[in-house]
Amino acid sequence: MRALLQTSLHGPAGLRLVTDAPVPVPGPGEVLIRVGAAGVNYADVMRSHGTYEGGPAAPFVAGLEAAGEVVAAGPHVTAVHVGDHVAGTGAGAFAEYMLLNAAALTPVPAGWTDEQALGLVLNWATALAALRPLGRVTAGETVLITAAAGAVGQAATRLAVHYGATVIAAASAGKHDLVRELGAAHVLDARTADVAAGTLRLTAGRGADLVLESAGGASFRAALAAARRVTGRVVVYGVAGGDATVSNRELNFTHPVHVIGLHLGVLIDTAPDLYAALLTELTALRAAGVLTPGTPAVHPLADGPEVLAALQSRTTTGKLALRP
């Protein structure tokens, strides 16, 4: 089969299109899908550099998210059938076929294409988890969303507005109009100093009730400074800008806020009931018209190295996808 193989850990340039990759065989609890579209995420950039926690050694078939048609099922799979169209996360998405855990799938909604369903499992579920069960957002609160023009950021902005929050969106200058159209009440330049100072100014010095922090590095420090003391929550779900730390002394004296970590893969594995509840709520949000079909920028599989390089350079907006 055709696949994008990560031949070295030298970034997107290490990706190579091959035509003879073996088609995987589903094991117990797994299904094999014919990939209709594969989502491109910053985790793919990190895996290409070997900086993703627990990531594979090269060579490996790249990609973590896909939607497509089930063509085979392994033992003990009863709820998913050949011919179903599903979306999910798993290794080897940048290929014509990939394996998915049958227990962690979501159906492609009726009337949606595979590419329109990308992000249901990864981006929308991450945004919803950050806002609701972990971030505990309530109507009337102020939410600061970093990287608001990205796929998770756009979903989070729409959801936060739906739940009655006032959104302060941080994005680069060329993306301000986009996040305003999504419902953000205020837009700040993504430069870290401006984000912290701007949030404090907009909240009369109190800070944001909830901060969704996905950029990492210096942005994490800005998120702490922007959060409301004592009751403020900072949900961390990305490290694109590098590592950052906070000490118990800082949490005691300087930044007494709630810091909450989120990784959707860990959540799926260790809190399956919570994940199932997220999928149920996402279904209700689709019925309410809040969650609508995605409109990713779709590229041929062979263009994968260029697409990942563009994502790495932070020149992209919204969801990106590859079509095998």
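Structure: above.
Residues numbered from 1 in each chain as written. Predicted model: local features only at pLDDT ≥ 70, side-chain atom pairs only at ≥ 80, totals over all residues. Heavy atoms only, no water.

1. Details of unusual backbone geometry
Turning to step 1, where the next piece is worked out: Note that the residue after alanine 58, namely proline 59, is joined by a cis bond; omega there is 0°.
Turning to step 2, where the next piece is worked out: Mapped onto the secondary structure, proline 59 falls in the loop between helix H1 (42-49) and strand E4 (60-61).
Turning to step 3, where the next piece is worked out: Residues other than glycine seldom take positive phi values, yet histidine 76 does so here, at roughly 70°.
Turning to step 4, where the next piece is worked out: Checked against the element boundaries, histidine 76 lands in the loop between strand E5 (65-73) and strand E6 (85-89). (Helix = DSSP H or I, 4+ residues; strand = E, 2+ residues; numbered from the N terminus.)

2. A closer look at helix H11 (residues 304-312)
Turning to step 1, where the next piece is worked out: Of the positions making up H11, those classed as buried are Gly304, Pro305, Val307, Leu308 and Leu311. Each buried residue of H11 sits inside an arc of 165° when the element is viewed along its axis, so together they form one side.
Turning to step 2, where the next piece is worked out: On its buried face, H11 sits against strand E1 (3-6), strand E2 (15-18), strand E3 (30-40), H1, strand E15 (297-300) and strand E16 (320-323). (Buried < 20%, exposed > 50% of the residue type's maximum accessible area, 1.4 Å probe, protein only. Arc of directions from axis to C-beta. Contact = heavy atoms within 4.5 Å.)

3. Things to note about the layout of surface pockets
Turning to step 1, where the next piece is worked out: Volume-wise, the second largest pocket comes out at about 350 Å³.
Turning to step 2, where the next piece is worked out: What lines the second largest pocket is a set of 21 residues, among which Trp124, Gln154, Gly294, Thr295 and Lys319 lie closest to the centre.
Turning to step 3, where the next piece is worked out: Where the lining of the second largest pocket is concerned, the elements lending two or more residues are helix H3 (120-134) and helix H4 (151-162).
Turning to step 4, where the next piece is worked out: Of all the elements, H4 adds the most residues to the lining of the second largest pocket, at four residues.
Turning to step 5, where the next piece is worked out: In terms of residue class, the lining of the second largest pocket is made up of ten nonpolar, nine polar and two charged. (1 Å grid on protein atoms, 1.4 Å probe; cavity = no way out; pocket = protein on both sides within 12 Å on 5 of 7 lines; lining within 4 Å. Points joined across faces, edges and corners; volume = space filled by probe spheres on them. Nonpolar A, V, L, I, M, F, W, Y, C, P; charged D, E, K, R; others polar.)

4. Remarks on H4
An α-helical segment advances 3.6 residues per turn. Residues three or four places apart therefore align on the same side.
Turning to step 1, where the next piece is worked out: Between its first and last C-alpha atoms H4 spans 17 Å; for twelve residues at 1.5 Å apiece the expected length is 16 Å, and the two agree.
Turning to step 2, where the next piece is worked out: Regarding H4, the residues found buried are Val152, Gly153, Gln154, Ala155, Ala156, Thr157, Leu159 and Ala160.
Turning to step 3, where the next piece is worked out: The secondary structure elements touched by the buried residues of H4 are H3, strand E9 (142-145), strand E10 (166-171), helix H5 (176-181), strand E12 (210-213) and helix H10 (272-287).
Turning to step 4, where the next piece is worked out: In the segment just after H4, glycine 164 is the residue with positive phi, at about 90°. (Expected span 1.5 Å × (residues − 1).)

5. A word on the sheet that holds E1
Turning to step 1, where the next piece is worked out: Here we have three strands laid out as an open sheet, ordered E2-E1-E4, and antiparallel in their pairing. Looking at strand neighbours, the two that pair on one side only are E2 and E4, the edges of this open sheet.
Turning to step 2, where the next piece is worked out: Pairing of E1 with E4 involves two bridges; the strand directions are antiparallel. Bridge pairing in E4 links leucine 5 to valine 61. (Pairing = 2+ DSSP bridges.)

6. Focus on the packing of H3 against H10
When two helices pack together, you describe them by how their axes are tilted relative to each other and by the distance separating the axes.
Turning to step 1, where the next piece is worked out: Remark: H3 packs on H10, axes separated minimally by 10 Å, with the N-to-C direction vectors making an angle of 100°. One way to sum up the angle between H3 and H10 is to call them roughly perpendicular. Contact residues: Leu120, Val121, Trp124, Ala125, Leu128, Ala129, Arg132 and Pro133 in H3; Leu274, Tyr275, Leu278, Glu281, Leu282, Leu285 and Arg286 in H10.
Turning to step 2, where the next piece is worked out: A class-by-class count of the residues in the contact of H3 with H10 yields twelve nonpolar, no polar and three charged. (Axes fitted to C-alpha atoms, helices over the stretch in contact; angles between N-to-C directions. Parallel < 35°, antiparallel > 145°, perpendicular 65-115°, else oblique.)

7. Remarks on the packing of aromatic side chains
Turning to step 1, where the next piece is worked out: Tallying each qualifying case throughout the model produces zero aromatic pairs.
Turning to step 2, where the next piece is worked out: One Lys or Arg, arginine 132, reaches over the ring of tyrosine 163 and ends 4.1 Å from the middle of that ring. (Phe/Tyr/Trp six-rings, centres within 6.5 Å; stacked < 30°, edge-to-face > 60°. Lys NZ or Arg CZ within 6 Å of the ring centre and 35° of its normal.)

8. A word on the packing of H1 against H11
Turning to step 1, where the next piece is worked out: Running from N to C, H1 and H11 cross one another at 105°; their axes reach a closest spacing of 9 Å. Taken together, H1 and H11 sit at an angle that is classed as roughly perpendicular. Of H11, the residues touching H1 (which contributes Tyr42, Asp44, Val45 and His49) are Leu308, Leu311 and Gln312.
Turning to step 2, where the next piece is worked out: By residue class, the composition of the contact of H1 with H11 is four nonpolar, two polar and one charged.

Shape is all these values report; function is a separate question.
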